[in-house]
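Here's the letter readout for the chains.
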Amino acid sequence: MAGRVTERTANWRLFGGGGMLAGGLLWLIALIAAAAGAGGPITGWLTTIGFLLLGASGFFLAFGQTGSNGVVGGSVLGKLGFVAFGIGFLLLGLIPLLAAFGTTLPAGTATVGTVLIVIGGIIGAIVTYQKGVARGVARWFFGVPVVLSIVWLLATAGLLAITGNILPLLVALAFTLAGLLFLLNRR
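Predicted model, so just to flag it, every value in this text is computed and none were measured.

1. Re the overall build of the chain
So, step 1. The helix and strand tally for the chain stands at seven helices and zero strands.
So, step 2. Listing the helices and strands of the chain from first to last along the sequence gives α-α-α-α-α-α-α.
So, step 3. Whereas a compact globule of 187 residues would reach a radius of gyration of roughly 16 Å, the chain reaches 16 Å, a difference of no more than 12%.
So, step 4. Along the longest, intermediate and shortest principal axes, the C-alpha atoms of the chain span 50 × 35 × 30 Å.

Right, here's the structure in full:
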């Protein structure tokens, strides 16, 4: 049965879910450390690495390690959604990484990255639910960080008056939990 996800080929759980768990956790630790007043370069690097891991997780969730099926099965739309999600987080991770080497990306890159995260996340969450490759809570939970990302985008664009660190903390926590649920998925 070509294209069918089995326990042997469901490596999207390990690489996609594990990458999302690790990336979300690093971002969460950086936000907590920054809120506690322990800012500096360590929190910046934790956030950068976390964003890059979240970006890589999007590709693994789309294609798995083998390049065939991910959490969205054979859906091209779902794969495009998770690729857009991954590119969005990679852009957010590249901004501080390149800045550390004295290079900057064009203005608005962070906004483009966040929009890609939101649009790709919406598509990925819908197709993940529809395809049923993920089981149980993991099948629908990815929608939670996506909804929080929409609020995060609106707040950073100035369309919602939410200030402080609580919203990014909730987004990072939601992505961490989504990664954990993908990682622990039975299929």
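Back to the write-up after that little detour.
2. Focus: a nonpolar patch on the surface
So, step 1. On the surface, a nonpolar cluster with roughly 830 Å² of combined accessible area is contributed by Leu154, Leu159, Leu160, Ile162, Ile166, Leu170, Leu173, Leu177, Leu180 and Leu184.
So, step 2. Element by element, the count of residues in the nonpolar patch is highest for helix H7 (residues 166–183), at five residues.

3. Looking at the nonpolar core
So, step 1. By size, the foremost hydrophobic cluster in this structure holds 34 residues, and its most contacted members are Met20, Trp27, Phe89, Phe142, Phe175 and Phe182.
So, step 2. It is H7 that provides the largest number of residues to this core, a total of seven residues.
So, step 3. What Trp27 contacts, discounting residues up to four positions off in sequence, is Leu46, Thr47, Phe51, Leu54, Phe89, Trp152, Pro168, Val171, Ala172 and Phe175.

4. Structural notes on the packing of helix H6 (residues 143–156) against H7
So, step 1. Relative orientation of the contacting elements H6 and H7 amounts to 155°, with a least axis distance of 9 Å. On the basis of their axis angle, the class for H6 and H7 is roughly antiparallel. Remark: the crossing between H6 and H7 carries left-handed chirality. For the pair H6 and H7, contact is made by Val144, Pro145, Leu148, Ser149, Val151, Trp152 and Ala155 and by Leu167, Pro168, Leu170, Val171, Ala174, Phe175 and Ala178, respectively.
So, step 2. Tallied by class, the residues present in the contact of H6 with H7 amount to 13 nonpolar, one polar and no charged.

5. Observations regarding the environment of Ile49
So, step 1. Within the secondary structure layout, Ile49 lies in helix H2 (residues 41–63).
So, step 2. Residues Ile49 and Gly93, spaced 44 residues apart in sequence, show a C-alpha to C-alpha distance of 6.9 Å.

6. Side note on the environment of Leu169
So, step 1. Mapped onto the elements of the fold, Leu169 is located in helix H7.
So, step 2. Each residue touching Leu169, except ones within four places of it in the same chain, is listed here: Leu28, Leu31 and Ile32.

7. Some words on the packing of aromatic side chains
Here a ring pair, both rings aromatic, is described through the centre-centre distance and the interplanar angle of the planes.
So, step 1. Within this structure, the stated rule accounts for 15 aromatic pairs.
So, step 2. Ring centres of Phe142 and Phe182 lie 6.0 Å apart, and the angle between their planes is 35°; this geometry places the pair in the tilted category. One end of the pair, Phe142, is in the loop between helix H5 (138–141) and H6; the other, Phe182, is in helix H7, with 40 residues separating them in the sequence. Phe182 shares its class with Phe142; the two are buried.
So, step 3. The ring centre of Tyr129 lies 4.6 Å from the NZ or CZ of Arg139, which sits over that ring.

8. Concerning H6
Residue pairs spaced three or four apart in an α-helix point in one direction, given the helix's 3.6 residues per turn.
So, step 1. Between its terminal C-alpha atoms H6 stretches 20 Å, which fits the 20 Å expected from 14 residues at 1.5 Å a residue.
So, step 2. Residues of H6 that are buried make contact with helix H1 (12–35), helix H3 (76–100), helix H4 (109–131), H5 and H7.

What counts and how
Residues numbered from 1 in each chain as written. Predicted model: local features only at pLDDT ≥ 70, side-chain atom pairs only at ≥ 80, totals over all residues. Heavy atoms only, no water. Helix = DSSP H or I, 4+ residues; strand = E, 2+ residues; numbered from the N terminus. Rg over C-alpha atoms; globule rule 2.2 N^0.38 Å. Patch = residues over 30% accessible without salt bridge, like charges linked within 9 Å, V, L, I, M, F, W, Y side chains within 5 Å. Areas by Shrake-Rupley, 256 points an atom, 1.4 Å probe, with all protein chains shown as cover. Salt bridge = Lys/Arg side-chain N within 4 Å of Asp/Glu carboxyl O. Core = buried A, V, L, I, M, F, W, Y, C linked by side-chain atoms within 4.5 Å. Buried < 20%, exposed > 50% of the residue type's maximum accessible area, 1.4 Å probe, protein only. Contact = heavy atoms within 4.5 Å. Axes fitted to C-alpha atoms, helices over the stretch in contact; angles between N-to-C directions. Parallel < 35°, antiparallel > 145°, perpendicular 65-115°, else oblique. Left-handed = near helix turned anticlockwise from the far one by under 90°. Nonpolar A, V, L, I, M, F, W, Y, C, P; charged D, E, K, R; others polar. Phe/Tyr/Trp six-rings, centres within 6.5 Å; stacked < 30°, edge-to-face > 60°. Lys NZ or Arg CZ within 6 Å of the ring centre and 35° of its normal. Expected span 1.5 Å × (residues − 1).

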